[in-house]
Amino acid sequence: MHNYLSPNYSRQKRSINSIKIIVIHYTGMQSERVSMIRLCNPKSKVSSHFLINMNGKIYRLVEDNKIAWHAGKSCWGKYKNLNKNSIGIELVNRGHRFGYTNFKKKQLSSLIKICKKLIKKYNIKRKNIVGHSDIAPSRKIDPGEKFPWKELANKKIGIWHRCKPNLLKKFRKIKINEKQEKIKFVKNLKNIGYCFPSNKNSFFAKTVKAFQRHYRKELINGILDKECSIIARNLLKNL
Ligand SMILES: [Zn+2]
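Everything in this summary refers to the structure shown in the same document.

Rules used in this analysis
Residues numbered from 1 in each chain as written. Predicted model: local features only at pLDDT ≥ 70, side-chain atom pairs only at ≥ 80, totals over all residues. Heavy atoms only, no water. Pairing = 2+ DSSP bridges. Helix = DSSP H or I, 4+ residues; strand = E, 2+ residues; numbered from the N terminus. Contact = heavy atoms within 4.5 Å. Axes fitted to C-alpha atoms, helices over the stretch in contact; angles between N-to-C directions. Expected span 1.5 Å × (residues − 1). Buried < 20%, exposed > 50% of the residue type's maximum accessible area, 1.4 Å probe, protein only. Arc of directions from axis to C-beta. Phe/Tyr/Trp six-rings, centres within 6.5 Å; stacked < 30°, edge-to-face > 60°. Lys NZ or Arg CZ within 6 Å of the ring centre and 35° of its normal. Parallel < 35°, antiparallel > 145°, perpendicular 65-115°, else oblique. Left-handed = near helix turned anticlockwise from the far one by under 90°. Nonpolar A, V, L, I, M, F, W, Y, C, P; charged D, E, K, R; others polar.

### A closer look at the sheet that holds strand β10 (residues 129-131)
Now for step 1: Here six strands make up an open sheet; going across it, the order is β1-β5-β4-β9-β3-β10 and the pairing mixed. The open sheet has two free edges, formed respectively by β1 (2-3) and β10, since each of these has just one partner strand.
Now for step 2: When strand β3 (residues 21-26) meets β10, the two strands line up parallel, connected through three bridges. For Ile24, the partnering residue across the bridge sits in β10 and is Gly131.
Now for step 3: Helix α1 (residues 32-40) contacts β4 (50-52), β5 (58-60) and β9 (86-91) of the sheet and is inclined by roughly 175° relative to β4.

### Considerations on helix α7 (residues 179-192)
Now for step 1: Under the 1.5 Å per step criterion, the end-to-end length of α7 is 20 Å for 14 residues, consistent within 8% with the ideal 20 Å.
Now for step 2: Among the residues making up α7, those that are buried are Glu181, Phe185, Val186, Asn188, Leu189 and Ile192. Viewed along the axis of α7, the buried residues span an arc of 160°, placing them on a single side of the element. Residues of α7 that are exposed and point over 90 degrees away from its buried face: Lys179, Gln180, Lys184 and Lys187.
Now for step 3: The inward-facing, buried residues of α7 contact β7 (75-76), α8 (202-215) and α9 (226-237).
Now for step 4: The first or second residue beyond α7 is Gly193, which carries a positive phi of 145°.

### Here we look at the packing of aromatic side chains
Now for step 1: Using the criterion set out here, one finds 11 aromatic pairs in the structure.
Now for step 2: Where Tyr26 meets Tyr100, the ring centres are 5.5 Å apart and the plane angle is 55°; that geometry is what we call tilted. Residue Tyr26 is located in strand β3, and its partner Tyr100 is located in the loop between α2 (95-98) and α3 (105-122); the two are separated by 74 residues in the primary sequence. Accessibility assignment for this pair places Tyr26 and Tyr100 in one class, buried.
Now for step 3: Seen in terms of ring centroids, Tyr100 and Phe103 are 6.2 Å apart; in terms of plane orientation they differ by 80°. Their pairing is edge-to-face.
Now for step 4: Under the relative-accessibility criterion, Tyr100 is labelled buried at 14%.
Now for step 5: By relative accessible area, Phe103 is classed as buried at 8%.
Now for step 6: Grouping aromatic residues by their ring pairs yields a cluster made of Trp76, Trp160, Phe185, Tyr194, Phe211 and Tyr215.
Now for step 7: It is Arg11 that lies over the ring of Tyr9; its NZ or CZ is 4.5 Å from the centre.
Now for step 8: Directly above the ring of Phe204 sits Lys182, whose terminal nitrogen or CZ lies 4.3 Å from the centroid.

### A short note on the packing of α7 against α9
Pairs of packed helices are described in terms of their axes, by the angle between the two and the distance that separates them.
Now for step 1: As a packed pair, α7 and α9 sit with axes 9 Å apart at the nearest point and diverge in direction by 40°. Taken together, α7 and α9 sit at an angle that is classed as oblique. For the crossing formed where α7 meets α9, the hand is left-handed. Of α9, the residues touching α7 (which contributes Glu181, Phe185, Asn188, Leu189, Asn191 and Ile192) are Lys226, Cys228, Ser229, Ala232, Arg233, Leu235 and Leu236.
Now for step 2: Residue composition of the contact of α7 with α9, grouped by class: seven nonpolar, three polar and three charged.

Just geometry here; none of it tells us what the structure is for.
Have a look at this one:
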């Protein structure tokens, strides 16, 4: 672990009991250097607790007991504006804007190592290991569909379903017509942690997209279909 401290955190400290969530990001910038400069520039007002480069080198930018500025306006379960309740981890990747690439093996094994430590230290629930897009679906798409959530879940980091991919595929694009089933889907997603502000209809498609980016990356269209509905139900069974 290398210290490379960023000044971008709240002055007030937090109790470590308030740490409940791990938020995974990609940097989405041209290079590691540019990302580091931005995350440590007081003018940018953004940071995270950790940054992992493509070779798996881990930098600590903000100490755990300080509130880093990585989540922004966000919501997960009963938590709102998650900076104060979360640890933010940035993975170096150019992202959708500058050439999105697969995450590197060494980078992921460092991420797994650090997540395991944090989970143990702060007793973080599996369903509270999320992507930035999960907690801010109307603004964010990182860490994106190339992030291997399933592999991480195999290591008990985050959750995954137990449906057989071949069987699931048959339900892709099959429309859901009953209102009841849509209501049930929303209820299931809420139980996982996703937030649906009741007054915003446009939010629904964006949240479905975030869900797909995480659990059904083969088709990310923001349209609820039978496959999504089955995945959501199965995820809850295994919580
Ligand atoms: Zn992010």
